[in-house]
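Notes for the structure review
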Amino acid sequence: FEEKEAAAPTAKKENGPQLCPKCKTGNVLKGNSAYGCSNWKNGCNFRLPFEFAGKKMSDAQINALLKKGETPEIKGLLKDGLKVDGKLKFNANFELNIES
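In short, a report on the structure. (Residues numbered from 1 in each chain as written. Predicted model: local features only at pLDDT ≥ 70, side-chain atom pairs only at ≥ 80, totals over all residues. Heavy atoms only, no water.)

What follows is about the sheet that holds strand β1 (residues 18-19). What holds strands together in a sheet is hydrogen bonding between their backbones, with the strands either parallel or antiparallel. With antiparallel pairing, four strands are arranged side by side in an open sheet as β1-β2-β3-β4. Edge positions in the sheet fall to β1 and β4 (47-49), since each has one partner strand and no second. Pairing geometry for strand β2 (residues 27-30) and strand β3 (residues 34-37), over three bridges, is antiparallel. Of the residues in β3, the one forming a bridge with Leu29 is Gly36. Of the strands in this sheet, β1, β2, β3 and β4 touch helix α2 (residues 59-68), which is tilted by about 155° from β4. (Pairing = 2+ DSSP bridges. Helix = DSSP H or I, 4+ residues; strand = E, 2+ residues; numbered from the N terminus. Contact = heavy atoms within 4.5 Å. Axes fitted to C-alpha atoms, helices over the stretch in contact; angles between N-to-C directions.)

In structure tokens form, the structure reads like this:
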């Protein structure tokens, strides 16, 4: 009699590790306050906060950012004290920006 291992309830495991969009060699890991690159010891400073512009990002939005470089449109992002609708995208330094 063998027990089958229960499936993990996270989408991350099913998709496998996400490659770091900045250095293209490390994997994106979930930390205590942000996602970061496993290659940080070698100088990759890629970080992706759990919350940006007043919104907590969903797993689907994180996956879209890592795979496509942008999220679908998000409503109610805070930009300069105002609520705006827009996509989150990486700039040339892999920092998040709101694109309306």
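The next point concerns the pairing of strand β8 (residues 82-90). Both strand β7 (residues 74-79) and β8 contribute to a ladder of four bridges, which runs antiparallel. Note that in β8 the partner of Ile74 across the bridge is Gly86. Bridge analysis of β8 against strand β9 (residues 96-99) gives four bridges, and the strand direction is antiparallel. Bridged to Lys89 within β9 is Asn97. Here β8 folds back onto β9, and the loop between the two strands holds five residues, one of which, Phe94, carries a positive phi near 60°.

The next subject is α2. Residues separated by three or four positions in an α-helix point in the same direction, a consequence of the helix having 3.6 residues per turn. Burial in α2 covers these residues: Gln61, Ile62, Asn63, Ala64, Leu65 and Leu66. Note on α2: the residue one or two positions beyond its end, Gly69, has a positive phi of about 85°. (Buried < 20%, exposed > 50% of the residue type's maximum accessible area, 1.4 Å probe, protein only.)

Looking now at the packing of aromatic side chains. Under the counting rule described, the total for this entry stands at three aromatic pairs. Centroid distance Tyr35 to Phe50: 5.2 Å. Interplanar angle 85°. Geometry classified as edge-to-face. Highlighted residues: Tyr35 in strand β3 and Phe50 in the loop between β4 and β5 (51-52), separated in sequence by 15 residues. For Tyr35, a relative accessible area of 5% gives the class buried. One aromatic cluster is present, formed by Phe46, Phe90 and Phe94 through successive ring pairs. Note that Lys30 overlies the ring of Phe50, its terminal NZ or CZ placed 5.6 Å from the centroid. (Phe/Tyr/Trp six-rings, centres within 6.5 Å; stacked < 30°, edge-to-face > 60°. Lys NZ or Arg CZ within 6 Å of the ring centre and 35° of its normal.)

Our focus in this paragraph is the pattern of salt bridges. Tallied over the entire structure, the rule returns five salt bridges. For Glu70, the salt bridge goes to Lys89, with nearest N and O atoms at 3.0 Å. Taken together, the positions of Glu70 in the loop between α2 and β7 and Lys89 in strand β8 put the pair 19 residues apart, joining distant regions of the chain. Two residues, Lys75 and Glu73, come together in a salt bridge whose shortest N-O distance is 3.9 Å. Judged on exposure class, the residue Lys75 and its partner Glu73 are both exposed. The network of salt bridges with common partners includes Glu70, Lys87, Lys89 and Glu99. (Salt bridge = Lys/Arg side-chain N within 4 Å of Asp/Glu carboxyl O.)

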